[in-house]
Each structure stands twice: as C-alpha cells, then as structure tokens.
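Residue strings, one per chain:
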Amino acid sequence: MAERPAAQGDVPLRDGVIRWFDLFIAFFGGMFAGIVLGVIGALPAILIGLHWSGGPLDPQTLADFARTDFAVNQVLLVGSNLGLLGLVWLVAHWRFDKPITHYFAVVRWPSLGLAIVAGAGLSLLLNGGNAMLERLSWVRFEDSDVERAMVPHGPAQLLAAIAVIGVLAPFVEEFFFRGLLFSWARRQWGTWIAVLATGAIFALVHGHFLLHVGAQAWIYTIELFVAGVVLALLVARTGSLRTSFAMHAAYNVTAIAFSVLLP
C-alpha cells in the first residue's frame, strides 16, 4: 500500500528531531508502564516469598516484604526499566528509522575501554569518598530499606544485581537521559547548557531527597549530577551512547562491588 504523500505544511514523522512532548510521552508514559509491569511482576514474587516464609497476608506485611526483599526489588526494577525502555524506544522510532543505530553508533574499542575505566574510577572515587567521610565522622550515611534490599548476598543475587543494576538500568537511563533528553536540550540551548541541565535532571529524578535527609541527600544528589555531566560530555565528544552506557555500567557494577565488600 502506497504511503499518503505529505500535504503542504505537514511535518514528516521520522525527521530525526525530538520534540518536547516526545520527552513527556517517553518519561511519564514509561514510568506509568513501568509501575504496571513492576506490580504485575512483583505481586506473585511477594506472595511466593510470604508463602515460603510463613508470614501473614496482611497489607503491612506485604508492604514490609516488598520494601526489604531482594528478589521483589529486582523484579520491580526490571518492570520499571522495561516500561520506560518501551516508551523511549517507541518515541525514538517515531523520529528515526533505526533509533538504536542512530543513538548507539559504533565507536572504537579504545574509546569503550577508556569509558569503562573512567566509570569504575569515578565510582571508586565517589563511593570511597563517602566511606572516608563516614570514617571521619563528618557525615553519617544511612541506607534506606530499599537500598539495603538491593545489596546482593550470594553469587546468584550478585549476578542478578549486575544484570539489572549494572546493565539494564544504565542502558535504559542512557537511552532517555543522554539520548532523547540530551539531544533535545542540545538543539534548544547548545551543548554546555544541555550538559548541565540534563545532569541536574538526572540527579533530581533519582529522588535522594525523598530517601534521605540533610548532608547525605545533598552529597548523593551532587554526585549524580557530576556523573550526569560527565556522561553527557562523553556523548557530546563521541557522538554515541555506547560510550556513556559503558561508563555508566562500569560505574554501577563498581558500586555493587563496593556495597558487597564494604556493607
């Protein structure tokens, strides 16, 4: 079937330009889809876990188990990321014939290697700095129940954490923040403002001011801002999300190792 010719004044759909409403559809639509998928996946996991533990099926017990169980939190994280990924890909597909090829362009292996080293190094620097601040009693870091539940215990949980937190989450976040959002912001405001703005949004969306109070919330948010800025600069320099994904994944995997070695 032949495509309808574009009328005068029509804007072609796949023109390679992200609009502001694309971002809203991708993010808020993806968050809603992620919540639905997360709940659908987590509810059976909660019921199975409570059945094996012999816990009562009252609302408070369900909420406590969902907040503190490793498997349930991983399922919720998978659901939320898949929901966001689906909408981000859909929006990108509206604007590009081959969105993955466009955003994740091939780069040289040395660039990927440098990105991995930089991600691991930045993670060691920031997490090590936090450990030093706590050791000196300058700042007291207290993990939330959800953060404690994310720490793997045993080889199986470690592999699951690397797959979800170390690979899936960075891929989805890079696709949206340094893909759709950064490309739109760069077109609107130029590279440097886009780098700072997307770094700030990336830091705030993680919601550490909701999980923590005082200096800890500020430190975590500033660290994520720094990471977001570095990731955006990397994309601006290389033109590919492969490098920012490699760096982000290395950062998260190193943070997982840090949480296991220094609980």
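Residues numbered from 1 in each chain as written. Predicted model: local features only at pLDDT ≥ 70, side-chain atom pairs only at ≥ 80, totals over all residues. Heavy atoms only, no water.

### Things to note about the pattern of salt bridges
Turning to step 1, where the next piece is worked out: For the structure shown, the criterion picks out five salt bridges.
Turning to step 2, where the next piece is worked out: Residue D145 is joined to R148 by a salt bridge in which the shortest nitrogen-to-oxygen separation is 2.5 Å. With D145 and R148 both in helix α6 (residues 145–149) and three residues apart, this pair spans about one turn of that helix.
Turning to step 3, where the next piece is worked out: In this structure D145 comes out as partly exposed when scored by relative accessible area, which is 27%. (Salt bridge = Lys/Arg side-chain N within 4 Å of Asp/Glu carboxyl O. Helix = DSSP H or I, 4+ residues; strand = E, 2+ residues; numbered from the N terminus. Buried < 20%, exposed > 50% of the residue type's maximum accessible area, 1.4 Å probe, protein only.)

### Focus on the layout of surface pockets
Unfilled space is identified by rolling a water-sized probe across the atoms.
Turning to step 1, where the next piece is worked out: Quantified by volume, the second largest pocket comes out at close to 250 Å³.
Turning to step 2, where the next piece is worked out: Lining of the second largest pocket is provided by 17 residues; of these, H102, Y103, G179, S183 and R186 occupy positions nearest its centre.
Turning to step 3, where the next piece is worked out: Secondary-structure elements contributing two or more residues to the lining of the second largest pocket are α4 (99–103) and α7 (155–189).
Turning to step 4, where the next piece is worked out: Sorting elements by how many residues they give to the lining of the second largest pocket places α7 first, with seven residues.
Turning to step 5, where the next piece is worked out: Residues belonging to the lining of the second largest pocket are distributed by class as follows: eight nonpolar, six polar and three charged. (1 Å grid on protein atoms, 1.4 Å probe; cavity = no way out; pocket = protein on both sides within 12 Å on 5 of 7 lines; lining within 4 Å. Points joined across faces, edges and corners; volume = space filled by probe spheres on them. Nonpolar A, V, L, I, M, F, W, Y, C, P; charged D, E, K, R; others polar.)

### Remarks on the packing of aromatic side chains
Turning to step 1, where the next piece is worked out: Under the criterion given, the structure shown has 16 aromatic pairs.
Turning to step 2, where the next piece is worked out: Relative to F24, the ring of W20 lies with its centre 5.8 Å away and its plane at 85 degrees, an arrangement referred to as edge-to-face. With W20 and F24 both in helix α1 (residues 20–53), this residue pair falls four residues apart, about one helical turn.
Turning to step 3, where the next piece is worked out: Residue classification places W20 among the exposed positions, given a relative accessible area of 51%.
Turning to step 4, where the next piece is worked out: An angle of 80 degrees between the planes, with centres 5.7 Å apart, marks the rings of F104 and F175 as edge-to-face. Taken together, the residues F104 in the loop between α4 and α5 (109–135) and F175 in helix α7 connect sequence positions 71 residues apart. Per residue, the accessibility class of F104 equals that of F175, and both read buried.
Turning to step 5, where the next piece is worked out: Through pairs of rings, three or more aromatic residues link up here, namely W20, F21, F24, F27, F28, F176, F177 and F202.
Turning to step 6, where the next piece is worked out: Here R178 stacks its cationic end above the ring of F202, 4.3 Å away from the centre of that ring. (Phe/Tyr/Trp six-rings, centres within 6.5 Å; stacked < 30°, edge-to-face > 60°. Lys NZ or Arg CZ within 6 Å of the ring centre and 35° of its normal.)

### Digging into helix α11 (residues 241–261)
Because an α-helix completes one turn every 3.6 residues, residues spaced three or four positions apart along the sequence face the same direction.
Turning to step 1, where the next piece is worked out: Taking 1.5 Å of rise per residue, 21 residues should cover 30 Å, and α11 covers 30 Å from first to last C-alpha, within 8% of that figure.
Turning to step 2, where the next piece is worked out: A distance of 3.1 Å separates the backbone nitrogen of R242 from a side-chain oxygen at the start of α11, and that oxygen is part of S240. (Expected span 1.5 Å × (residues − 1). Polar contact = N/O pair within 3.5 Å; in protein donor to acceptor, adjacent residues only side chain to side chain.)

### Remarks on the side chain of E147
Turning to step 1, where the next piece is worked out: You can see E147 is positioned in helix α6.
Turning to step 2, where the next piece is worked out: Salt bridges are absent for the buried E147, whose nearest opposite-charge side chain, R148, sits at 6.9 Å.
Turning to step 3, where the next piece is worked out: Of note is the side chain of E147, whose polar atom sits 2.9 Å from the side chain of H212.
Turning to step 4, where the next piece is worked out: Setting aside residues no more than four positions away along its own chain, E147 makes contact with E142, H208, L211, H212 and Y220. (Lys, Arg positive; Asp, Glu negative; His and termini not counted. Contact = heavy atoms within 4.5 Å.)

### Structural notes on the nonpolar core
Turning to step 1, where the next piece is worked out: Ranked by size, the top nonpolar core spans 31 residues in total, and within it I18, L23, V88, Y103, F175, F176 and L180 carry the most contacts.
Turning to step 2, where the next piece is worked out: Counting only elements with at least two residues in this core, the list comes to α1, α3 (70–95), α7, α8 (191–205) and α10 (214–238).
Turning to step 3, where the next piece is worked out: Among the elements that make up this core, the one with the highest residue count is α7 (ten residues).
Turning to step 4, where the next piece is worked out: Beyond its immediate stretch of four places on either side in the chain, F176 contacts L23, A26, F27, V88, L181 and F182.
Turning to step 5, where the next piece is worked out: One finds L122, L126, A227 and M247 within the second-largest nonpolar core, a separate group that totals ten residues. (Core = buried A, V, L, I, M, F, W, Y, C linked by side-chain atoms within 4.5 Å.)

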